[in-house]
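# Examination of the molecular architecture
One-letter residues, chain by chain:
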Amino acid sequence: MPSPIRILVIDRQESVRRGVRAIAEASDNLAIIDEAFDERSGVEKVRKLQPYVVILALRFPNFCASDVLPTFFAADPEAEIIVLAGHSDDAEIPIALKIRALEYLSKDTSRAQLKAAIRRIAAGRRFIPKAVAEKLGDDFGLEELTQAEMNILRMLVGGMSNREIAFALDISDNTVKSHLRNIFGKLDLSDRVEAATTAIRRGLVRVNL
C-alpha cells in the first residue's frame, strides 16, 4: 500500500481546517499531519514536517499568501502549495499562482474537487480553472488601471470624498471625476459603493480583514 499523501493545512478559520481534515480522514491515501492558523507557525511546521502538500489560505488579517509564499519555499523548496480562496475573482489568486502555487480552490469547493486537486499534485500535475487561467494575463484589471487610478481607488476605499481626494493629490474635482469614470468603465462598475466593495473583494486594494 502506498504511503499516504502528507498534508499541512494553514488557515485561521478552525471550521476550514476541520473541514479539510474530515475530507482527508474519509479518503484513502490522504493524511493531515498537522494544522496551523498563521504564517509563522505554518512556516515552522513546513520546515519541520516537510509535508507533501500545503493547503494555504489566500488571505489572513494582515497579509496574503502571495506575501509569504517565498518564505514557505525557502523553508521547503519542494513544497507543493494549494491556495484556498474565498472568492474566485480575488486579484491575489493569479499573483499566488505566478509565484508557484500549484493550484487554486475556493473555500466552498466540494470534497471530490479537493481530493482530486491533492491527487493531481501528488501525480505531478497542475490544474487552474479555465476562468482563472483566462485572467492570469491581466491580473483582474490590475494592469488596466493606471497608477493615478489605483491611488484614487485606494482613497475611495478609505472613505475620502472627491473633494478630499482632489485636495490630497493637488488636482481638480473634475480630474478626480474623470479618473473615477475611467475606473468604473475599466472594472465594469456603476458607482462609488460598488467600486469600493469590488476593490476590497477582488483584492485590488488591501485592507485589514
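Quick note: structure is the one above.
Here's a quick rundown of the structure. Given the structure is predicted, the values throughout are model-derived calculations rather than measurements.

## Notes on the overall build of the protein chain
Of regular secondary structure, the protein chain possesses 10 helices and 5 strands. Here the protein chain holds 209 residues, and the buried ones make up 46% of them. On the protein chain, roughly 10,700 Å² of surface is accessible, and the fraction owed to carbon and sulfur atoms is 50%.

## As for the nonpolar core
Ile10, Leu56, Leu58, Phe72, Ile81 and Val83 are the most contacted members of the largest nonpolar core, which totals 25 residues. Elements supplying a minimum of two residues to this core: β1 (5-10), α2 (39-49), β3 (53-57), α3 (65-75), β4 (80-85) and α4 (92-99). Of the residues forming this core, the biggest block, 6 residues, is contributed by α3. With 21 residues, the next largest nonpolar core counts Ile165, Val176, Leu204 and Val205 among its residues.

## What about the sheet that holds β1?
As summarised here, the arrangement of the 5 strands in space is β2-β1-β3-β4-β5, forming an open sheet in which the pairing is parallel. Looking at strand neighbours, the two that pair on one side only are β2 (30-36) and β5 (103-106), the edges of this open sheet. The mean inter-strand angle of the sheet, taken between neighbouring strand axes irrespective of direction, is 25°. Direction of pairing for β1 relative to β2: parallel, over a ladder of 6 bridges. Residue pairing across strands places arginine 6 opposite alanine 31, the latter belonging to β2. Its contacts with the sheet put α2 on β1, β2 and β3, and the angle it makes with β2 is roughly 135°. In the packing of helix α5 (residues 111-122) onto the sheet, the strands contacted are β1, β2, β3, β4 and β5, and the crossing angle to β5 comes to about 170°.

## Considerations on the pairing of β5
Residue alternation in β5 divides its side chains into two sets, Glu103 and Leu105 and Tyr104 and Ser106, and both sets are buried. Judged from the 4 bridges that link them, β4 and β5 form a sheet pairing that is parallel. Paired with alanine 85 across the bridge in β5 is serine 106.

## Structural notes on α4
Along α4, the positions that sit buried rather than exposed are Glu92, Ile93, Pro94, Ala96 and Leu97. Note on α4: the residue one or two positions beyond its end, arginine 100, has a positive phi of about 125°.

## Some remarks on the environment of arginine 59
With respect to the helices and strands, arginine 59 occurs in the loop between β3 and α3. Counting along the chain gives 33 residues from arginine 59 to glutamate 92, while the straight-line C-alpha distance between them is 8.6 Å.

## Points about the pairing of β4
In terms of burial, β4 is a largely internal element, 6 of the 6 residues being buried. Neither face of β4 is exposed, since Glu80, Ile82 and Leu84 on one face and Ile81, Val83 and Ala85 on the opposite face are all buried. Looking at chain direction, β3 and β4 are connected through 5 bridges and run parallel. By the bridge assignment, valine 54 is partnered in β4 with isoleucine 81. Chirality of the crossover, the property in question, places the unit of β3, α3 and β4 among those that are right-handed.

## What to know about the packing of α3 against α4
Put simply, α3 and α4 touch, their axes get as near as 9 Å, and they point 20° apart. In this view, α3 runs roughly parallel relative to α4, as classed from their interaxial angle. The element α3 and its partner α4 pack so that their crossing is right-handed. Residue-level inspection shows Ser66, Leu69, Pro70 and Phe73 of α3 in contact with α4, the latter providing Glu92, Ile95, Ala96 and Ile99. Residues that form the contact of α3 with α4 fall into these classes: 6 nonpolar, 1 polar and 1 charged.

## A few points about the environment of valine 83
Within the secondary structure layout, valine 83 lies in strand β4. Taking the relative accessible area as the measure of exposure, valine 83 reaches 0% and is therefore buried.

What counts and what doesn't
- Residues numbered from 1 in each chain as written.
- Predicted model: local features only at pLDDT ≥ 70, side-chain atom pairs only at ≥ 80, totals over all residues.
- Heavy atoms only, no water.
- Helix = DSSP H or I, 4+ residues; strand = E, 2+ residues; numbered from the N terminus.
- Buried < 20%, exposed > 50% of the residue type's maximum accessible area, 1.4 Å probe, protein only.
- Areas by Shrake-Rupley, 256 points an atom, 1.4 Å probe, with all protein chains shown as cover.
- Core = buried A, V, L, I, M, F, W, Y, C linked by side-chain atoms within 4.5 Å.
- Pairing = 2+ DSSP bridges.
- Axes fitted to C-alpha atoms, helices over the stretch in contact; angles between N-to-C directions.
- Contact = heavy atoms within 4.5 Å.
- Right-handed = clockwise from strand over helix to strand, strands pointing away.
- Parallel < 35°, antiparallel > 145°, perpendicular 65-115°, else oblique.
- Left-handed = near helix turned anticlockwise from the far one by under 90°.
- Nonpolar A, V, L, I, M, F, W, Y, C, P; charged D, E, K, R; others polar.

Geometric descriptors of this kind do not, in isolation, establish any biological role.
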